[in-house]
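# Structural description and commentary
Here are the chains, one letter per residue:
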Amino acid sequence: MPFKEPVRKTLRAQWLGYLMRELRRERGVTLKEATEYLNRDHSALARYERAEWPFKRDDVMALLDIYGVDDPDRRARILKLSEECWRTGEWDLDYADERHNRGYVDHDWLEEHATSINIYATHLLPDLLQTPAYTAHVIQLRERTKKRTEHQGRLVDKLIARQRAFEARTNRLNVVIDEAALHVKTPDPDLMREQLAHVAALAQRTRINIQVIRSEVNIAARAWGPFELFLMPDPYPEVGYLDNLAGRIYVETPHSKRFVLAYEQLQQAALNLGDSIKVIRQAAEQA
């Protein structure tokens, strides 16, 4: 997606502007007060926060002081973001970090601001379509525990909060589900039946489009595995997202174009909504 020069509203710049605006508001500082402290024109900070002008590292450091951001790790992350805010490419977050790393990139923020969330699911059903019981089962599989822990309970609660936040918004959710994900065996068949019935019900909502791609369909896009694609409002670039053993990777333009093309191919090869709902219901009966 071309940018209008000289402004380059990269996602990093957009995220930095959002972070700084939220910090200012949380502290109760007005634009006028902050710009007087920086000895800047009143409109300058507003443009910084909208990512129209590049934040300077010294200005970010000064603002963090007046906003009361004292935590060394958080300051370091935001300052690093200010140094790289006009860079595009991959963001690789190691699993040692939290999923919602508010110092660098925020997955919830992407879900909130995207005009469309597009997901290709292969073995697990997408987070936004999961029941709490299915989520708990997936977490226990990943963490190799037989009983639900307090930590796992918090993760389930966070996912429920994300789902409620999505329900309160107006952006679209498009999902292509590999047929194999509908036939995954769980220790409790009722769990899977309940989950698939939930997916079938969600598929009938106007903001949600769910399609199933049959196992016998042979297209190149399936070879790359599951991914998410966030289509952002103009002029911001789309963002591809991968979650795997290597960590969590966010990909901007031009490489994110590959995600766009792959998702278009998957949608074209998948069943239509009506037939997909029938397949999901059949899978629920067979679970």
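Remember, predicted model here, so these are calculated numbers, not experimental data. (Residues numbered from 1 in each chain as written. Predicted model: local features only at pLDDT ≥ 70, side-chain atom pairs only at ≥ 80, totals over all residues. Heavy atoms only, no water.)

This next bit is on the overall build of the protein. What the protein contains, in helices and strands, is 11 helices and 7 strands. For 287 residues, the compact-globule estimate of 2.2 N^0.38 gives 19 Å, and the protein sits close to it at 21 Å. Considering only contacts within the protein whose residues lie at least 6 apart along the sequence, 73% involve residues at least 24 apart. Element-wise, carbon and sulfur atoms account for 51% of the exposed surface of the protein, whose accessible area totals about 14,800 Å². (Helix = DSSP H or I, 4+ residues; strand = E, 2+ residues; numbered from the N terminus. Rg over C-alpha atoms; globule rule 2.2 N^0.38 Å. Contact = heavy atoms within 4.5 Å. Areas by Shrake-Rupley, 256 points an atom, 1.4 Å probe, with all protein chains shown as cover.)

What the rule picks out here adds up to 17 salt bridges. Here R75 ties to D65 by a salt bridge, and the two come within 3.1 Å at their closest N and O atoms. Within this pair, whereas R75 is found in helix α5 (residues 72-84), its partner D65 is found in helix α4 (residues 57-66), the two being separated by 10 residues in sequence. Between R162 and D108 there is a salt bridge, with its nearest N and O atoms 3.7 Å apart. Here D108 lies in helix α6 (residues 107-113) and R162 lies in helix α8 (residues 150-167), a separation of 54 residues in the sequence. A relative accessible area of 29% means that D108 is categorised as partly exposed. (Salt bridge = Lys/Arg side-chain N within 4 Å of Asp/Glu carboxyl O. Buried < 20%, exposed > 50% of the residue type's maximum accessible area, 1.4 Å probe, protein only.)

A few words on the UniProt feature "domain: HTH cro/C1-type" (unreviewed entry) in the protein. In this numbering, the UniProt entry assigns the feature "domain: HTH cro/C1-type" (unreviewed entry) to residues 19-74. Here residues 19-74 runs as 68% helix and 0% strand, with 11 Å between its end C-alpha atoms. (UniProt positions renumbered as here; feature names shortened; annotations may be inferred.)

In terms of nonpolar packing, the biggest core is built from 63 residues, with M20 and Y67 touching the most fellow members. Ranked by residue count, the leading element in this core is helix α1 (residues 11-27), at 8 residues. Setting aside its immediate chain neighbours within four residues, M20 contacts E49, F55, V60, L63, L64, Y67 and I78. One finds V176, V260, A262 and Y263 within the second-largest nonpolar core, a separate group that totals 15 residues. (Core = buried A, V, L, I, M, F, W, Y, C linked by side-chain atoms within 4.5 Å.)

Moving on to the packing of aromatic side chains. Under the counting rule described, the total for this entry stands at 9 aromatic pairs. Ring geometry for Y241 versus Y250: centroids 4.7 Å apart, planes at 40°, classification tilted. Classification of Y250 by relative accessible area gives buried; the value is 1%. Ring-pair connections join several aromatic residues into one group, and the members of that group are Y120, F227, F259 and Y263. Positioned over the ring face of F166 is R207, at 4.1 Å from the centre of the ring. (Phe/Tyr/Trp six-rings, centres within 6.5 Å; stacked < 30°, edge-to-face > 60°. Lys NZ or Arg CZ within 6 Å of the ring centre and 35° of its normal.)

This brings us to unusual backbone geometry. Positive phi values are uncommon outside glycine, yet N39 reaches one of about 60°. Residue classification places N39 among the exposed positions, given a relative accessible area of 68%. Its identity is not glycine, yet A51 carries a phi of approximately 65°, on the positive side. Mapped onto the elements of the fold, A51 is located in the loop between α3 (42-49) and α4.

A word on the side chain of R24. Mapped onto the fold, R24 is located in helix α1. With residues near it in sequence (within four places) discarded, R24 still touches V29, T30, L31, A34, L45, E49 and Y67.

Locating P132 in the fold gives a position in helix α7 (residues 132-143). For P132, the residues in contact, after removing those within four places along its chain, are V156 and I160.

Moving on: the environment of R172. Within the secondary structure, R172 sits in strand β3 (residues 172-178). Taking the C-alpha atoms as reference, R172 lies 8.0 Å from N209; in sequence the two are 37 residues apart. Apart from residues no more than four positions distant in its own chain, R172 is found in contact with T115, S116, I117, F166, T206, R207, I208 and N209.

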